[in-house]
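Take a look at the letters that make up each chain.
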Amino acid sequence: MNPQTTAILIKTFNRPHRLLPTVASIREYCKEPFRLYIGDDGEVTPEVAQLYAGLMAEGHIIKRYESRLNVTTARNDLVRMLGDEAFVLRLDDDFNFSAETRLDAMLAIMRQRPEIGALSGLERQLGDGKKIR
């Protein structure tokens, strides 16, 4: 994988209705090279199992946990699994990329200013998850 790849870390638990649109939105709108690292400690529906099989065939990393694991522990575990990716983007399983998502802008800053160790962006509520449109 290209060392300019971004590792996208996602921890999920029994939320296929959130995870599937998130992965679909990343595939549609993320123009930067990426590798997904998904940690899942919930039950896997047939639809999610099919997604995971396809992702693993493409070189993405899926880590299944046999018992409940808090989100911080799972994220730290995913970080320990990182390959040669230059950047890490941590997402929740209900974060959706859109045409307005500018990962490229954040990466441009990180490339120009390597002394900056972390960036955050602005998040907008796009769905009905919190009943806010």
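The paragraphs below set out a description of the structure included in this document. On a predicted model such as this, the values are computed, not experimentally measured, just so you know. (Residues numbered from 1 in each chain as written. Predicted model: local features only at pLDDT ≥ 70, side-chain atom pairs only at ≥ 80, totals over all residues. Heavy atoms only, no water.)

Section: the environment of Met110
Along the chain, the position of Met110 falls in helix α4 (residues 103–112). Owing to a relative accessible area of 16%, Met110 belongs among the buried residues under this scheme. The sequence separation of Met110 and Phe87 amounts to 23 residues, and the corresponding C-alpha distance is 8.6 Å. Apart from the residues within four sequence positions on either side, Met110 is in contact with Phe87, Ile116, Gly117, Ala118 and Leu119. (Helix = DSSP H or I, 4+ residues; strand = E, 2+ residues; numbered from the N terminus. Buried < 20%, exposed > 50% of the residue type's maximum accessible area, 1.4 Å probe, protein only. Contact = heavy atoms within 4.5 Å.)

Notes on α4
Count 3.6 residues to each turn of an α-helix, and residues three or four apart come out pointing the same way. Leu103, Leu107 and Met110 are the residues of α4 that are buried. Angularly, the buried residues of α4 cover 60° about the axis, an arc narrow enough to put them on a single face. Elements that come into contact with the buried residues of α4 comprise β1 (6–12) and β4 (87–92). (Arc of directions from axis to C-beta.)

Section: helix α2 (residues 46–57)
The end-to-end C-alpha distance of α2, which contains 12 residues, comes to 17 Å, matching closely the 16 Å that a straight helix rising 1.5 Å per residue would cover. Where α2 is concerned, the buried positions are Val48, Leu51, Tyr52 and Leu55. Taken around the axis of α2, the buried residues stretch over an arc of 100°, which confines them to a single face. Facing away from the buried side of α2 by over 90 degrees, the exposed positions are Pro46, Gln50 and Ala57. Buried residues belonging to α2 abut β1, α1 (16–29), β2 (34–40) and β3 (61–64). Looking one or two residues beyond α2, the residue adopting positive phi is Gly59, at roughly 100°. (Expected span 1.5 Å × (residues − 1).)

Overview of the pairing of β2
Along β2, seven of the seven residues are buried, which leaves the element largely enclosed by surrounding structure. Here β2 shows a buried face lined by Phe34, Leu36, Ile38 and Asp40 and a second buried face lined by Arg35, Tyr37 and Gly39. Pairing of β1 with β2 involves seven bridges; the strand directions are parallel. Its bridge partner lying in β2, Ala7 is registered against Arg35. (Pairing = 2+ DSSP bridges.)

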